[in-house]
Amino acid sequence: MAEVILKNVKKVYDNKNVAVNDFNLEIKDKEFVVFVGPSGCGKSTTLRMIAGLEEITSGTISIDGKVVNEVLPKDRNIAMVFQNYALYPHMSVFENMAFGLKLRKFPKKEIESSVKSAAEILGIGDLLNRRPGALSGGQRQRVAVGRAIVRKPSVFLFDEPLSNLDAKLRTQMRTEIKRLHSSLNATMIYVTHDQTEAMTMGDRIVVMKDGFIQQVAEPLELYNKPANKFTAGFIGMPQMNFFYGSIINSGGDRFFKSDDGISLKLGNDLTFLSGSGYENIIMGIRPEEIGSLTAKSNSTNPVIKGRIDVIEPLGSEIYIYLTCGKHEIISRIESGGTSYSVGETVELPVNIGKAHFFDAKTENRL
Ligand code: ADP
């Protein structure tokens, strides 16, 4: 059982910089948890505290039911994979992968078979005699992962391991690490600033900002029910569109009216916005809920009128950038439907039932 539990964990660096604040999380055995957030939000610091590479200012971290605050990194039964690979340049791939086991005085035969089997799993069996300098970025990253695997740790920690790879390799390694997770049956904690990586890899995702957890949820729950404006804007590509305004009643109907005059009639399913008290709110609409086939399918959906500034054809879909009053709105539609041109003024239906609403002051979900 390799559960990892963080309780009220806080990290204050010497310069009084509070990097992580009141971090509470229970990571289940064999779970794949991703920490995601913008640079500087405290992801790496949290991971390094779990690894034992950074002291914990207050709170406790337990691995396998045992508090490890005072346990040395080498005794925590964890293995960490770093962004810069951290390979020894003067050692061969074999020696790099075998290094940790040699230090622990494993028998030579066992080291050999562990390294060979890990190399096989990662498809680097024929590179064992090479030095890291003679490997591509992707191959080096595999060696770094291999070095972690041979130790058979109960918890794998990954710190932005794919950031130095090109886009294609990154996607490939993403799948490989997920596959490894299923076959190794280990707990994995993975740090990234890339929301796509988080969404595609995590069983659960921890969204962080300024040292605080914003939300912990499974990928689709995060996407469909972001707890606040930050998570709503951080998860999803292109970013959610936001409008500040209020709900008003007029002629028996309810409308969202933005501060700069955009008015959208609310559907019947947004009944939680009935009554008063919604004068100062934020409405969020994902790009795919504007102008797409699903948005068009409901004839009662309101429309947003705007002028097209930019069109980005991406193959299966198209991003359309509209100016509407003071707003720059992004719509994401399927290819092959209505064709639009730059400069055109269009009316795009909004799937209003899929809109998200936040309090403008607290930015929390309504
Ligand atoms: P992330 O991994 O999310 O980019 P970090 O955990 O590296 O963020 O950093 C969190 C905060 O702690 C940042 O403000 C960063 O500047 C600060 N920080 C990180 N390492 C140190 C350090 N060794 N000394 C002082 N401040 C640090």
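Let us look at the structure shown here.

Notes on the overall build of the protein chain
Right, so step 1: Across its full length, the protein chain holds 9 helices and 19 strands.
Right, so step 2: Along the longest, intermediate and shortest principal axes, the C-alpha atoms of the protein chain span 80 × 45 × 35 Å.
Right, so step 3: Burial statistics for the protein chain: of 366 residues in total, 50% are counted as buried.
Right, so step 4: Partitioning the contacts of the protein chain with sequence separation of at least 6, the portion at a separation of at least 24 is 65%.
Right, so step 5: Within the structure as shown, the protein chain displays about 17,500 Å² of accessible surface, and the carbon and sulfur contribution to it stands at 49%.
Right, so step 6: Averaging the coordinates of the 45 positive side-chain charges in the protein chain and doing the same for the 42 negative ones gives two points 6 Å apart.

What about helix α4 (residues 137-150)?
Right, so step 1: A rise of 1.5 Å per residue sets the reference length of α4, with its 14 residues, at 20 Å; its end C-alpha atoms lie 20 Å apart and thus fit the reference within 8%.
Right, so step 2: Counting buried positions along α4 gives 11 out of 14 residues, so the element sits mostly inside the fold.
Right, so step 3: Among the residues making up α4, those that are buried are Gly138, Gln141, Arg142, Val143, Ala144, Val145, Gly146, Arg147, Ala148, Ile149 and Val150.
Right, so step 4: Packed against the buried residues of α4 are β6 (78-81), α2 (93-103), α3 (108-122), β7 (155-159) and α5 (167-184).

Overview of the sheet that holds strand β8 (residues 187-192)
As a general point, the strands of a sheet are linked pairwise by backbone hydrogen bonds and lie either parallel or antiparallel.
Right, so step 1: Taken in spatial order, the 6 strands line up as β6-β7-β8-β3-β9-β10 in an open sheet, and their pairing is mixed. Edge positions in the sheet fall to β6 and β10 (212-217), since each of these pairs with one other strand and no more. Going from strand to strand, the sheet's axes swing by 15 degrees on average, the running direction of each strand aside.
Right, so step 2: In the sheet, strand β9 (residues 204-209) pairs with β10 via 5 bridges, with the strands oriented antiparallel. Each residue of the ladder has a partner; that of Lys209, found in β10, is Phe212.
Right, so step 3: Running at roughly 160 degrees to β8, α5 makes contact with β3 (32-36), β7 and β8 of the sheet.

Describing the site of the ligand
Right, so step 1: Taken together, Tyr13, Asn15, Asn17, Ala19, Pro38, Ser39, Gly40, Cys41, Gly42, Lys43, Ser44 and Thr45 form the complete shell of residues around the ligand.
Right, so step 2: Cys41 is positioned with one of its backbone polar atoms (N or O) 3.0 Å from an oxygen atom of the ligand.
Right, so step 3: Gly42 places a polar main-chain atom, nitrogen or oxygen, 3.0 Å from an oxygen atom of the ligand.
Right, so step 4: Among the elements that make up the shell around the ligand, the one with the highest residue count is helix α1 (residues 43-51) (3 residues).

Regarding the sheet that holds strand β2 (residues 18-27)
Right, so step 1: What the 4 strands build is an open sheet, ordered β2-β1-β4-β5; its pairing is antiparallel. Either end of the sheet is taken by a strand with one partner, and the two such strands are β2 and β5 (66-67).
Right, so step 2: Those strands touched by α1 are β1 (4-12), β2 and β4 (58-63), and its axis lies near 120 degrees from that of β1.

Observations regarding the environment of Gly337
Right, so step 1: Within the fold, Gly337 resides in the loop between β17 (327-334) and β18 (345-349).
Right, so step 2: You can call Gly337 partly exposed: its relative accessible area is 48%.
Right, so step 3: With 20 residues separating them along the chain, Gly337 and Glu317 place their C-alpha atoms 9.9 Å apart.

So, how was this worked out
Every residue gets a number counted from 1 within its own chain, in the order that chain's sequence is written. Restriction of local features to residues with pLDDT of at least 70 applies here, the model being predicted, together with a cutoff of 80 or more for giving and counting side-chain atom pairs; totals for whole chains, interfaces and linings are based on all residues. Side-chain figures throughout are based on the complete set of non-hydrogen atoms in the structure, without hydrogens or water. Elements are defined by DSSP. Helices are runs of H or I of four residues or more, strands are runs of E of two residues or more, and each kind is numbered from the N terminus. Only protein chains enter the accessibility calculation, which uses a 1.4 Å probe; a residue whose area is less than 20% of its type maximum is buried, one above 50% is exposed, and one in between is partly exposed. When checking whether two residues touch, look at their non-hydrogen atoms; a contact exists if any pair is within 4.5 Å. Here the accessible surface of atoms and residues is derived via Shrake-Rupley with a 1.4 Å probe, and residues count as covered only by protein chains that are part of the display. Neither His nor the chain ends is counted toward charge; the positive residues are Lys and Arg and the negative residues Asp and Glu. In plain terms, the charge of a residue is placed at NZ if it is Lys, CZ if Arg, CG if Asp and CD if Glu. In a helix, the anticipated span is given by 1.5 Å times the number of residues less one. Note: two strands are recorded as paired if DSSP finds a minimum of 2 bridges between them. Only C-alpha atoms enter the line fits that serve as axes; for helices the fit covers just the stretch in contact. Angles between N-to-C directions range over 0 to 180 degrees. If a single non-hydrogen atom of a residue is within 4 Å of a molecule or strand, that residue counts as near it. Throughout this description, a polar contact denotes any pair of N or O atoms lying within 3.5 Å of each other; where both atoms belong to protein, one of them has to be capable of donating a hydrogen while the other can accept it, and for residues adjacent in sequence the pair is counted only when both atoms sit in side chains.

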